[in-house]
Amino acid sequence: MRVKYHTLEAESDEEDAMDESLPAMNRRKSNDNYDMRKVASLQVSPTSGDENNAGPAALQHHPETLPDHEPVPYRLYRRRYIGLAQLVLLNIVISWDWLTFAPISTTSASFFAVSESAINWLSTAFQFAFLPISPLVIYTLNKGGPKRSILVASALVLAGNWIRYAGTRATDPTGHGNFPLVMLGQILIGFAQPFVLAAPTRYSNLWFSDRGRVSATALASLANPFGAALGQLIGPLWATSEAGIPDMVLYTSLLSAAATLPAPFIPRAPPTPPSAIAASEKLDLREALRELPRNRAFWLLFVAFSVYVGFFNAVSSLLNQIFSPYGFSETDAGIAGGLLILVGLVAAAFVSPFVDRTKKYVITIKILVPLIASSYLVLIFIPSTRSVVGIYVVCAILGAASFSLLPCALEYLVVVTHPVSPEITSTICWSGGQLLGAVFIVIMTALRGGWTGEPEGTMMRALIFQAVVAWAAVPFPMMLGLWWFKGDVERVAGEEG
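Report follows, based on the coordinates. Quantities reported herein were computed from a predicted structural model and do not represent experimental measurements. Residue positions are given per chain, counted from 1 along the sequence in the order it is written. Reporting of local features is limited, given that this is a predicted model, to residues whose pLDDT is at least 70; pairs of side-chain atoms are given and counted only at 80 or more, and all residues count toward the totals for whole chains, interfaces and linings. Hydrogens and water molecules were not included; the side-chain quantities draw on all heavy atoms of the structure.

## Quick word on the overall build of the protein
Along the protein, the regular secondary structure elements total 21 helices and two strands. For the protein, buried positions account for 58% of its 497 residues. The contact criterion used is simple: two residues touch if any of their non-hydrogen atoms lie within 4.5 Å. Considering only contacts within the protein whose residues lie at least 6 apart along the sequence, 85% involve residues at least 24 apart. With residues, only the protein chains shown are counted as cover, and all accessible areas are computed by Shrake-Rupley using a 1.4 Å probe. Surface accessibility of the protein: about 19,100 Å² in total, with carbon and sulfur atoms responsible for 65%. The secondary structure listing takes helices from DSSP runs of H or I that are at least 4 residues long and strands from runs of E that are at least 2 residues long, numbered from the N terminus. For every residue, the accessible area (1.4 Å probe, protein chains only) is compared with the maximum for its type, and the residue is labelled buried under 20%, exposed over 50%, or partly exposed between those bounds.

## Some details on the nonpolar core
To qualify as a nonpolar core, a set must consist of buried Ala, Val, Leu, Ile, Met, Phe, Trp, Tyr and Cys residues joined through side-chain atoms within 4.5 Å. Core analysis: the biggest nonpolar cluster contains 111 residues, and Tyr308, Phe323 and Tyr376 have the highest contact counts within it. If sequence neighbours within four positions are ignored, Tyr376 has contacts with Tyr308, Phe311, Phe312, Val315, Leu398, Gln466, Ala467 and Ala470. Counting 18 residues, the second-largest nonpolar core is a separate cluster that includes Ile104, Ala118, Leu122 and Val182.

## Quick look at the packing of helix α14 (residues 296-323) against helix α18 (residues 422-446)
All axes here are fitted lines through C-alpha atoms, helices being fitted over the stretch that makes contact, and every angle between N-to-C directions spans 0 to 180 degrees. The interhelical angle for the contact between α14 and α18, taken along N-to-C directions, is 45 degrees, at an axis separation of 7 Å. With respect to their mutual orientation, α14 and α18 come out oblique. Crossing of α14 over α18 shows right-handed handedness. Tallied by class, residues from the contact of α14 with α18 come to 15 nonpolar, ten polar and no charged. Note that the term roughly parallel is reserved for angles under 35 degrees, roughly antiparallel for angles over 145, roughly perpendicular for angles of 65 to 115, and oblique for everything else. The sense of a crossing depends on the near helix, which, turned anticlockwise from the far helix by less than a right angle, makes the crossing left-handed and, turned clockwise, makes it right-handed. In this count, Pro and Cys sit with the nonpolar residues alongside Ala, Val, Leu, Ile, Met, Phe, Trp and Tyr, while Asp, Glu, Lys and Arg are called charged and the others, Gly among them, polar.

## Quick word on a nonpolar patch on the surface
Residues Leu158, Trp162, Tyr251 and Leu254 make up a contiguous nonpolar surface patch of roughly 350 Å² in combined accessible area. Elements with a contribution of two residues or more to the nonpolar patch: α7 (130-169) and α11 (245-260). Among the structural elements, Leu254 can be located in helix α11. Residues qualify for a patch when their relative accessible area is over 30% and they have no salt bridge, like charges being joined within 9 Å and the nonpolar side chains of Val, Leu, Ile, Met, Phe, Trp and Tyr within 5 Å. By convention in these notes, a salt bridge is any Lys or Arg side-chain nitrogen within 4 Å of a carboxyl oxygen on Asp or Glu.

## Side note on the packing of aromatic side chains
Two aromatic rings are characterised by how far apart their centres lie and by the angle between their planes. Pairing of aromatic rings covers Phe, Tyr and Trp, the last through its six-membered ring, and needs centres within 6.5 Å; plane angles under 30 degrees mean stacked, over 60 mean edge-to-face, and all others mean tilted. Tallied over the entire structure, the rule returns 22 aromatic pairs. Ring geometry for Phe311 and Tyr376: centres 5.7 Å apart, planes at 55 degrees, overall tilted. Residue Phe311 is located in helix α14, and its partner Tyr376 is located in helix α16 (residues 361-379); the two are separated by 65 residues in the primary sequence. As far as burial versus exposure is concerned, Phe311 and Tyr376 are alike and both buried. Following the ring pairs from residue to residue traces out a cluster consisting of Tyr81, Tyr203, Trp207 and Phe208.

## Concerning the environment of Glu330
Mapped onto the secondary structure, Glu330 falls in helix α15 (residues 330-358). Note: C-alpha distance between Glu330 and Ala102 (228 residues apart in sequence) is 9.9 Å. The residues touching Glu330, leaving out its near neighbours within four places in the chain, are Pro103, Ile104, Ser105, Thr106, Thr107 and Asn320.

## So, the side chain of Ser134
Turning to its location among the elements, Ser134 is positioned in helix α7. According to the relative accessible area criterion, Ser134 is buried, its value standing at 6%. A distance of 2.6 Å separates a polar side-chain atom of Ser134 from the backbone oxygen of Phe130. Excluding residues within four positions of it along the chain, Ser134 makes contact with Thr427 and Ser431. Here a polar contact is taken to be a pair of N or O atoms separated by no more than 3.5 Å, where protein atoms must pair a possible hydrogen donor with a possible acceptor and residues adjacent in sequence count only if both atoms sit in side chains.

In structure tokens, the structure reads:
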């Protein structure tokens, strides 16, 4: 977006009167803690510049000397990558922790002397933990910013991992692990997840320019499923038998602890905003929660986002149980889960910069959503072929479409809901996805079974349920841009200039 001369002049006038107007700004404000005196007098480079590139001298004078139609100059800081790297690390280890036991569900069930359904509850409880903590996440991100949210998540990750490790070492006389203690640690890590999973849109809005926000959001958000891929691939290698489970949890705990170490040292906020949308005033929390339910485009995105994130989480947790009745090994399922995520990351690496440059949010969403639903439909039939190549291909396509959709949808939410602060919409949507993910795991586990001729323990009925609901969600994002919903997007576009 390009804000013109008159917009900059108005911002300069407002900044000159900052001390006098401050009490009146409590209703619509930014909580980003920019140094507003620096904003008013900053000698800056264009939006694409960096803190060590001063830019043309003509851009360093008072805004009134700028020619008409000249883009407003905003400054980028190289230190923005420090906090982004910390978000990436935390999202990786938290997601790895989530799926620690899922790819070795049979071995884990034997080690803890519980059923595979109980092992599923380690993933399910992790996702349910997202909901009760979400109001605190919104408040923390809104009032304290990404750094405070990262610090809270780091503390919970440390506590949860070492409690889980204690649960694998505190064995009973028969040598079985302490499952309730492991569940407690898993829930604590589940509490940590929303503090970093909902933070990327807030962080990219705070630190990155208009041409970099989608890519920054993609990098931080997709680190979460990348961690899941590592868990799917590495977990079965570390725990080839019951005796290997305590060491697997120890290694995971050490990596998680290392990922939390930089958290106290990341910068809180840039001295000056990187873009017009970052510099603009946001609705306060109470007013934002009143405004959001009236935004029709938000609800279209919310339904699709929640359903597809929910099913992605469910499939990631149940992948071994989907494939094992047809003779596939835990290693085969782990590779399929790894491809689901790694191919998705590669696809997102191409799609996210494209959307950053072109802003083709709606058409991208409308292409990817039917592709995701089609993948769930094919997944009904592919396990019975007993072709390992077939399950790898379907998982790769599903991952590519799902991962490409995720950052595009999150950033489009920021656009259509402005001036609502990004952490509010992202937390609400992620909460919907985590809730449905947990519900879908419960439902799909209960639907285990098939018809005559299907192997024992098949998930055929569960996969049919999944495909039906996935296709039922398709019409919602396809209505984006239609006349009834254009008003929300056009209103926001007008506000952004």
